[in-house]
Amino acid sequence: MILLNKIKTSNSHLLELKDNVNNTSALIDLNLGGSLQALVINGKQILANFKYKTYEETYASAILFPFVNRVNDGKYSFKGINYQLNCNEAANNNALHGLVYNKVFELKKYTISKKKTSVTIQYKEISKNSGFPFTYHILIKYTLSNKGIRIKARVKNTDTHSFPFTIGWHPYFYAKNFNNSSIQFQASQKVLHNSKMIGTKLTEFNSEMPLFFGGVSLDDCYDLAHNTILFKTSDYECKLQSSVANSFLQIYTPKTDNAIAIEPQTGISDSFNNGIGLQVLQPDQKYSVEWKLAIT
């Protein structure tokens with residue numbers, strides 16, 4: 001039985017899903033954008049633990065919305081109107097990782113059963129950010145079992161105007177030994193970046209061979225031909241699937257041992273300007289995406 005524990009301290013509000021018998025658990029921080037801060041499946045650590053870094057340095061497991069990755073200089077135009085986002089990546093003067101990564105979510109509902117437990121959390125944007133002056137409601141549903149976790153994000157446009165968006169997830173996976181770890185996926189194109197890590201265009205890419213991580217530094221994005229990603233370590237194997245058929249994959253190796261970001265996204269960096277993966281949500285319209293993580 002996976003039980004729900006609510007943990008509240010002076011600076012955090014956590015939801016812990018835990019099965020003591022099978023040593024399976026998940027930790028969700030409502031104060032950090034409803035992000036998944038820890039995941040253990042049958043005694044195996046799946047997500048990396050950044051003990052010595054702040055959340056703003058890693059954005060670990062952040063839900064990226066209304067844009068993924070970066071917006072060049074925080075500037076974009078939509079329907080003939082120019083907007084300026086806050087540039088929270090000072091080194092490159094970019095807007096980084098959307099607007100909900102640090103918002104405070106609240107528990108909406110939960111269900112507990114013998115094989116799996118689900119929690120649904122929500123955030124309602126009612127004020128209008130000057131760089132993104134639109135209101136919206138976002139629901140995130142986490143469903144944990146002893147086989148893995150499913151994350152479903154649903155966004156509703158509660159504004160009277162349409163708005164542009166992309167959405168993604170920014171998890172860091174843990175591996176004891178990267179020399180014995182690999183990732184495999186099918187991609188048709190790779191994103192070319194400039195010196196500010198802004199995506200400029202897509203170039204042909206065709207490889208289904210596993211990519212090994214030992215001694216490799218990566219910060220690359222791919223246009224997936226198939227929405228299944230396989231990550232293999234010496235301790236566990238992970239199958240990450242997106243419900244979005246036409247999706248992208250960002251891979252990033254931080255300057256931290258035993259961690260790699262494997263990020264499913266519906267667009268690429270600077271989608272607000274280059275239009276790659278960009279979608280428009282109409283008033284009262286909803287958009288849903290689900291990421292399924294199966295562990296063996």
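Residues numbered from 1 in each chain as written. Predicted model: local features only at pLDDT ≥ 70, side-chain atom pairs only at ≥ 80, totals over all residues. Heavy atoms only, no water.

A. Up close: the overall build of the chain. Across its full length, the chain carries two helices and 28 strands. Rg of the C-alpha trace for the chain: 18 Å, near the compact-globule value of 19 Å for 296 residues, within the 12% margin. With the principal axes as the frame, the chain shows a C-alpha extent of 55 × 40 × 35 Å. Per-residue burial over the chain gives 51% buried out of 296 residues. In the chain, once contacts between residues fewer than 6 apart in sequence are set aside, the share between residues at least 24 apart is 64%. Split by element, the accessible area of the chain, about 13600 Å² in all, is 46% carbon and sulfur. Taken together, the 32 basic and 22 acidic charged side chains of the chain have centroids lying 8 Å from each other. (Helix = DSSP H or I, 4+ residues; strand = E, 2+ residues; numbered from the N terminus. Rg over C-alpha atoms; globule rule 2.2 N^0.38 Å. Buried < 20%, exposed > 50% of the residue type's maximum accessible area, 1.4 Å probe, protein only. Contact = heavy atoms within 4.5 Å. Areas by Shrake-Rupley, 256 points an atom, 1.4 Å probe, with all protein chains shown as cover. Lys, Arg positive; Asp, Glu negative; His and termini not counted. Charge placed at Lys NZ, Arg CZ, Asp CG, Glu CD.)

B. Molecular detail of the pairing of strand β26 (residues 259-265). Along β26, seven of the seven residues are buried, which leaves the element largely enclosed by surrounding structure. Direction of pairing for strand β17 (residues 172-174) relative to β26: antiparallel, over a ladder of three bridges. Note that in β26 the partner of F173 across the bridge is I260. Two elements, strand β25 (residues 248-252) and β26, share five bridges in a ladder whose sense is antiparallel. (Pairing = 2+ DSSP bridges.)

C. Region of the structure containing the pattern of salt bridges. Tallied over the entire structure, the rule returns five salt bridges. A salt bridge links R150 to E290, with the shortest nitrogen-to-oxygen separation between them at 3.2 Å. One end of the pair, R150, is in strand β14 (residues 148-157); the other, E290, is in strand β28 (residues 286-295), with 140 residues separating them in the sequence. For the salt bridge of D220 with K190, the shortest nitrogen-to-oxygen distance reads 3.9 Å. Of this pair, D220 sits in strand β22 (residues 219-224) while K190 sits in strand β19 (residues 187-193), and the two are 30 residues apart along the sequence. (Salt bridge = Lys/Arg side-chain N within 4 Å of Asp/Glu carboxyl O.)

D. Structural view of the nonpolar core. Among the nonpolar cores identified, the biggest contains 69 residues, and L36, L39, F173, F231 and L293 are the most heavily contacted of them. Look past the residues within four positions of L36 in its chain and what remains in contact with it is A26, L27, I28, L47, S61, Y142, I149, I151 and W169. Core analysis: the second largest hydrophobic core is formed by seven residues, Y55, Y59, A62 and Y101 among them. (Core = buried A, V, L, I, M, F, W, Y, C linked by side-chain atoms within 4.5 Å.)

E. Structural context of the layout of surface pockets. Here the largest pocket is characterised by a volume of approximately 540 Å³. Along the wall of the largest pocket there are 25 residues; nearest its centre are E57, R70, Y172, D219 and Y252. Residue assignment for the lining of the largest pocket shows that the elements contributing at least two residues are α1 (55-58) and β25. Ranked by residues supplied to the lining of the largest pocket, first place goes to α1 with three residues. Within the lining of the largest pocket, the residues separate by chemical class into eight nonpolar, nine polar and eight charged. (1 Å grid on protein atoms, 1.4 Å probe; cavity = no way out; pocket = protein on both sides within 12 Å on 5 of 7 lines; lining within 4 Å. Points joined across faces, edges and corners; volume = space filled by probe spheres on them. Nonpolar A, V, L, I, M, F, W, Y, C, P; charged D, E, K, R; others polar.)

F. Representation of the side chain of E16 in the model. Structurally, E16 can be placed in strand β2 (residues 13-19). At 4.1 Å, K18 is the nearest oppositely charged side chain to E16, a buried residue that forms no salt bridge. Setting aside residues no more than four positions away along its own chain, E16 makes contact with L3, L4, N5, I7, A26 and L27.

G. Focus on the packing of aromatic side chains. Applying the stated criterion across every chain yields a total of 23 aromatic pairs. Aromatic side chains Y59 and Y101 sit 4.9 Å apart centroid to centroid with 80 degrees between the ring planes, which places their arrangement in the edge-to-face category. Here Y59 is found in the loop between α1 and β6 (62-64), whereas its partner Y101 is found in the loop between β10 (95-96) and β11 (106-112), with 42 residues between them in sequence. Summarising the burial analysis for this pair, Y59 and Y101 share the class buried. Ring geometry for F231 against Y236: centres 6.2 Å apart, planes inclined by 75 degrees, an arrangement best described as edge-to-face. Just as F231 is buried, Y236 falls in that class too. The rings of F65, F67, Y76, Y83, F132, F134, Y136, F163, F165, F272 and Y287 are connected pair by pair, giving a single aromatic cluster. (Phe/Tyr/Trp six-rings, centres within 6.5 Å; stacked < 30°, edge-to-face > 60°.)

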